Protein chains: 2
Amino acid sequence: MIITKPTLLVNEKIARANIHRMVQKAKNAGVQFRPHMKTHQSSIVGEWYKEEGVSKITVSSVDMAIYFADHGFEDITIAFPYNLLEASQIEALAKRVMLNVLIESPESLEHMATHVRAKLNYFIKVDIGTHRTGISPDNPKLIHSLARSTNPDHQLIGLLGHAGHSYQANDKKGAQKIFKESQKAFKKVIAELGRTDLIVSYGDTPTCSLLDEFPGVNEIRPGNFVFYDLMQYGFGSCDFNDIAVCMACPVVAIHKDRKEVIVYGGAVHFSKDLINVGGKRNYGLVVKLNDSGWESLDSSYMSKLSQEHGTISATKDLLASVKVGDVLGVIPVHSCLTADVNGYFYTLDGQHIRMRDKK
Amino acid sequence: MIITKPTLLVNEKIARANIHRMVQKAKNAGVQFRPHMKTHQSSIVGEWYKEEGVSKITVSSVDMAIYFADHGFEDITIAFPYNLLEASQIEALAKRVMLNVLIESPESLEHMATHVRAKLNYFIKVDIGTHRTGISPDNPKLIHSLARSTNPDHQLIGLLGHAGHSYQANDKKGAQKIFKESQKAFKKVIAELGRTDLIVSYGDTPTCSLLDEFPGVNEIRPGNFVFYDLMQYGFGSCDFNDIAVCMACPVVAIHKDRKEVIVYGGAVHFSKDLINVGGKRNYGLVVKLNDSGWESLDSSYMSKLSQEHGTISATKDLLASVKVGDVLGVIPVHSCLTADVNGYFYTLDGQHIRMRDKK
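Residues numbered from 1 in each chain as written. Chains lettered and ligands numbered in written order. Predicted model: local features only at pLDDT ≥ 70, side-chain atom pairs only at ≥ 80, totals over all residues. Heavy atoms only, no water.

(A) Local environment of the interface of chain A and chain B. Between chain A and chain B, the residue contacts involve 59 residues of the former and 59 residues of the latter. Summed over both sides, the interface between chain A and chain B buries roughly 4800 Å², with carbon and sulfur atoms accounting for 53% of that surface. On inspection of chain A and its partner chain B, the count reaches 8 salt bridges. In this structure, the connection of chain A to chain B is made through 26 residue pairs in polar contact (both at pLDDT 80 or more). The element that contributes the greatest number of residues to the side of chain A that touches chain B is helix 12 (residues 335-342) of chain A, accounting for 5 residues. Across the side of chain A that touches chain B, the residue classes break down as 21 nonpolar, 19 polar and 19 charged. (Contact = heavy atoms within 4.5 Å. Buried area = accessible area lost by both parts, 1.4 Å probe. Salt bridge = Lys/Arg side-chain N within 4 Å of Asp/Glu carboxyl O. Polar contact = N/O pair within 3.5 Å; in protein donor to acceptor, adjacent residues only side chain to side chain. Helix = DSSP H or I, 4+ residues; strand = E, 2+ residues; numbered from the N terminus. Nonpolar A, V, L, I, M, F, W, Y, C, P; charged D, E, K, R; others polar.)

This is how it looks when you write it as C-alpha cells:
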C-alpha cells in the first residue's frame, strides 16, 4: 500500500485478537457478550465479530442500528435514550430485527407505547455513577413508573448502565471500586422492582478490560477494546501491543529550531481529543512504521493540531533522521472519534474499509 | 424540514451576506479576494461565491483542490506545504487548472522541480508569527534558496502567510498589531529578494473581519467568515446575527436535579473544539429555533460532549419549559470542524448539501 496522505491503519491481527480475548473473557465469566459497534462502524469488522460467534450487538444511534441490520445483525441494542423524533424509524427497525431500546422517563415510555407499533424490548437506563443519563437508583417512584409499558408489545427486559466514570479508574483496583458501586445501584433497582429475571447489562472498555469477573451482571458491552488507543493504554486497559490503530502521516515540513516536525494529519483526521502527559497536551504518540505495522520510537508526540496540520514535538533523535516526504506513524488518543472523522481505514494488507456513511 | 436527529443548519441568507460583505471589503481595500473553501467544502456554497464574482480560491489539501477543480474552479491555491508524496496528483491537477502551491524548504522545491512536470506557481510560505509552518524572515540563505526553481515551469509568484495567532487578537487593536508584524515580516523577505513584483497573500478570518485596509498586502484568504461561529463571535470578528450555522439537537433526557438537558448531538456532530467561558468548558451556546432560523435564548450552554450525547447546562427558564422530544439549537464553537465531522448540512429551506466525500 502506498501512503500519500493521512491514512488510518488497522492491524487486523491485533483487532481480531482483541475480539477473541474479550469473547473468551465473557465466556469464562459466564456473561453475554454484546459488543458496542460505535468504534469501528463497519460491516467488515462486524464480520470479524461474527467469525468469533458474536451475533448480538450494541450501537449508539438508530442510524447505526439500521446500518448493522442491513449487514445481517438481528439482535441490536441501541444504547442511547429513546429519541421520540425517530419513533417511525424505530418501529420499522423493530419489525425487522430483535430491537432493544433504553428508557429513562415515563414520557418516553408512553410516547413509545403509542407511536411504535411493533414488538420490542426495553432496558431501564440506570445512572451507575457517570451522571450523564439514566435514572437514580434512589427514586422508587420513577423506577416503578418505568416498569411496565401500556403497550403489551413493549417488554422491560433489563437494566443497563454505562460506567463512563471508569475512564478515571486508572487501574484494576479503581475499576473494581467502580464496578462494586455499579452492582449496588443495579441491586437497589432490582430490589425495588422485586424482579430477579431482569438482565443486567454493563459496559465500557476500561472495566471490561481490567476485570475478569462480573458478579451480578449478565451482559457486557465494551466497544473501544477492538482498537484500543493511547487513552486506554494510559488507563492500563491494554498493553501497547494491543493497540490496533495508527495514523500514517506524511512529513511536510521540519523546524529544527523549534524541535518541531509538521505532518499532514490534523483535526479532521485525528479529532481533537487529547490527553495530558506531564502537563502537556498530547494528541498522539509518534511511532515508527515498519513492514509488519509499527513499533515504539521514542517520546516524540503530537503537541498541536489544526485542521490539516499536525505539529510533532520531536526528540533530538527524530530530528536528526527525519526528512520531508517520510511517513511517520501516530497512535491516536481516542480511536472511536478518530475512526469516525475519517470515515474509512485500511488494514495493513491494503484492504480499504469504508465505514457507515453519514447522510 | 422535519428534524429527527442532529442536523447542521445553514442560514443561506446570512452566509451569502457574509460572502458579499467580504467581497466588497476586498474591492474597497483594493486586494484580490481568494477565499478559503475548507470551512464548507461544498460545491453548492462554491456557487454562492461564483455568483459574487469569485473565481480564485484557496484550499487546504490536494484532495480538496481536485474536488473544486471538478466543480469548475480553475485557479486554486493549496495553502498547505507541498507534500512530496502527492507529486503525481499535483502534476495531474496542474495540467488542468492554474495551480499555486506552497514551498518552505529547498528539498521540497527540488523534489517538485523533478517530479511535477507541469506549469505551476509557487508561494514561499513565510512564518508571520504563528510559528506553525513557514520560513523565518531572518534567514536570508534559506530565502534565496527558495527564490528560483531548477524547473523553468515553476515560477515563484509570491509570499504567503497565515496569521493563526490572530485567534488571540480579540479586538481591532489586537488585529492591527498582528497585521503590522506580518507586514514587517513580508517586507523583510521582499527586501532580501529585491523583488517588488511578488504577490503578498494574507489570510485568517479574525484579521480580515476586524480590519478594513490591508496595506502591503495584495490578496486576502479568509475562510471561516462564511459561517462564523461561537469562537469568532468571542473574538469580536462578527455580530451574533452574522453566525450562519446552528446544530438542531433533539432532547432525549432531562435531569432537573443536575440542571442538565441531554440532547442527541455529540462529538461526532460538533467535533471537540471548545472555548472557555468564565472558567467553564463550553462546546456551544443554546438558541431557540424558530420559523426563520434561530434566536438568542439565555445562557444555557453545552458543557460536555461524548460520542453521541451532548450535556446542556440549562438555566432555570429552560428547565421549566423543555420537554423530551423538543429540538434545541446549539451554535457550534468551530464551524470548520463541525461541518467537517458531519459531512453535510441543510439550508433552512431544506436543501441537503453534501460536502466533499472523504475516501
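(B) Spotlight on the relation of the copies chain A and chain B. If you rotate chain A by 180° and push it 0.0 Å along the axis, it lands on chain B with an RMSD of 0.0 Å. The superposition of one copy onto the other is thereby described by a two-fold rotation axis. Take the interface residues of chain A: 100% of them recur as interface residues in chain B, which is what a same-surface contact looks like. (Least-squares fit on C-alpha atoms with pLDDT ≥ 70 in both.)

(C) View of helix 12 (residues 335-342) of chain B. When you tally the buried positions in helix 12 of chain B, you get 8 out of 8 residues, the bulk of the element. Gly343(B), located one to two residues past helix 12 of chain B, shows a positive phi value of around 85°. (Buried < 20%, exposed > 50% of the residue type's maximum accessible area, 1.4 Å probe, protein only.)

(D) Structural detail: the pairing of strand 10 (residues 245-255) of chain A. All names here are of chain A. With 10 of its 11 residues buried, strand 10 lies for the most part within the structure. As paired strands, strand 1 (residues 7-10) and strand 10 are joined by 4 bridges and run antiparallel to one another. For Leu8, the partnering residue across the bridge sits in strand 10 and is Met247. Strand direction decides the pairing type here: strand 10 and strand 17 (residues 327-332), joined by 4 bridges, are antiparallel. (Pairing = 2+ DSSP bridges.)

(E) Broad picture of the packing of aromatic side chains. A complete count under the given rule lists 22 aromatic pairs over all chains for this structure. Residues Phe227(A) and Phe345(A) carry aromatic rings whose centres are separated by 5.6 Å and whose planes lie at 85° to one another, so their mutual orientation is edge-to-face. Taken together, the residues Phe227(A) in the loop between strand 9 (219-220) and helix 9 (230-235) and Phe345(A) in strand 18 (residues 344-347) connect sequence positions 118 residues apart. Chaining the aromatic ring pairs together yields one cluster made of Phe33(A), Tyr49(A) and Phe225(A). Directly above the ring of Phe73(B) sits Lys50(B), whose terminal nitrogen or CZ lies 4.6 Å from the centroid. (Phe/Tyr/Trp six-rings, centres within 6.5 Å; stacked < 30°, edge-to-face > 60°. Lys NZ or Arg CZ within 6 Å of the ring centre and 35° of its normal.)

(F) Looking closely at the pattern of salt bridges. The tally for this structure, following the rule as stated, stands at 50 salt bridges over all chains. Between Asp70(B) and Arg96(B) there is a salt bridge, with the nearest N and O atoms lying 2.7 Å from each other. Pair noted here: Asp70(B) is in helix 3 (residues 62-70) and Arg96(B) is in the loop between helix 4 (87-94) and strand 5 (98-103), with a separation of 26 residues, a long-range link. For the salt bridge of Lys119(B) with Asp153(B), the shortest nitrogen-to-oxygen distance reads 3.5 Å. Placement of Lys119(B) in the loop between helix 5 (106-115) and strand 6 (120-125) and of Asp153(B) in the loop between helix 6 (140-145) and strand 7 (154-162) is noted, with a sequence separation of 34 residues between them. Among the charged side chains, a salt-bridge network with shared partners connects Arg34(A), Lys56(A), Asp75(A) and Glu219(A).

(G) Layout of the confidence of the model for chain A. Confidence along chain A averages 96 in pLDDT terms, with 100% of residues attaining 70 or more. Per the prediction output, this complex has pTM 0.96; the corresponding ipTM is 0.96. (pLDDT = per-residue confidence, 0-100.)

(H) Expanded view of the environment of Glu12(B). By the secondary structure assignment, Glu12(B) is in helix 1 (residues 12-29). Taking the C-alpha atoms as reference points, Glu12(B) and Tyr346(B), separated by 334 residues in sequence, lie 9.3 Å from one another.

(I) Representation of the packing of helix 3 of chain B against helix 4 of chain B. All names here are of chain B. Direction vectors running N to C along helix 3 and helix 4 enclose 25°, while the axes themselves pass 10 Å from each other. For the element pair helix 3 / helix 4, the angle class is roughly parallel. For the element pair helix 3 and helix 4, the recorded crossing hand is left-handed. Here Val62, Ala65, Ile66 and Ala69 of helix 3 come into contact with helix 4, specifically with Gln89, Ile90 and Leu93. When its residues are assigned to classes, the contact of helix 3 with helix 4 shows 6 nonpolar, 1 polar and no charged. (Axes fitted to C-alpha atoms, helices over the stretch in contact; angles between N-to-C directions. Parallel < 35°, antiparallel > 145°, perpendicular 65-115°, else oblique. Left-handed = near helix turned anticlockwise from the far one by under 90°.)

(J) Spotlight on the environment of Phe270(A). All names here are of chain A. Looking at the secondary structure, you find Phe270 in helix 10 (residues 267-270). A residue is classified by how much of its surface remains accessible, and Phe270, at 3% relative accessible area, is buried. For the pair Phe270 and Ala339, spaced 69 residues apart in sequence, the C-alpha separation works out to 7.9 Å.

(K) Examining the domain arrangement of chain A more closely. Residue and element names in this part refer to chain A. Split by domain assignment, chain A resolves into domain 1 (31-222) and domain 2 (240-354). Using only C-alpha atoms to locate each centre, domain 1 and domain 2 end up separated by 34 Å. Each partner contributes residues to the interface: domain 1 has 8 residues there, and domain 2 has 9 residues. Interface area, domain 1 with domain 2, both sides summed: about 610 Å², of which 63% is carbon and sulfur. By the criterion of area lost to domain 2, the three top residues of domain 1 are Thr39, Gln41 and Ile44, representing 55% of everything that side buries. At the junction of domain 1 and domain 2, the tally comes to 0 salt bridges. The tally of links between domain 1 and domain 2 comes to 1 residue pair in polar contact (both at pLDDT 80 or more). No other element matches the 3 residues that helix 2 (residues 43-51) contributes to the side of domain 1 that touches domain 2. The residue makeup of the side of domain 1 that touches domain 2, split by class, is 4 nonpolar, 4 polar and no charged. (Domains from an automatic or database assignment.)

(L) The sheet that holds strand 9 of chain A, seen in detail. Residues and elements named next belong to chain A. Read from one edge of the open sheet, 8 strands run 2-9-8-7-6-5-4-3, paired in parallel fashion. Sheet topology places strand 2 (32-33) and strand 3 (56-59) at the edges, where each strand pairs with a single neighbour. Helix 7 (residues 172-193) rests against strand 6 (120-125), strand 7 (154-162) and strand 8 (199-203) of the sheet, and its axis sits at about 155° to strand 8.

(M) A look at the side chain of Asn151(B). Residues and elements named next belong to chain B. Locating Asn151 in the fold gives a position in the loop between helix 6 and strand 7. Only 3.0 Å separates the side chain of Asn151 from the backbone oxygen of Ala113, close enough to count as a polar contact. Apart from residues no more than four positions distant in its own chain, Asn151 is found in contact with Ala113 and Val116.

(N) Fine view of the nonpolar core. The biggest cluster of nonpolar side chains holds 235 residues, and the ones touching the most others in it are Ile76(A) and Ile76(B). Look past the residues within four positions of Ile76(B) in its chain and what remains in contact with it is Arg34(B), Ile57(B), Val59(B), Ala65(B), Phe68(B), Ala69(B), Val97(B), Met98(B), Leu99(B) and Asn100(B). (Core = buried A, V, L, I, M, F, W, Y, C linked by side-chain atoms within 4.5 Å.)

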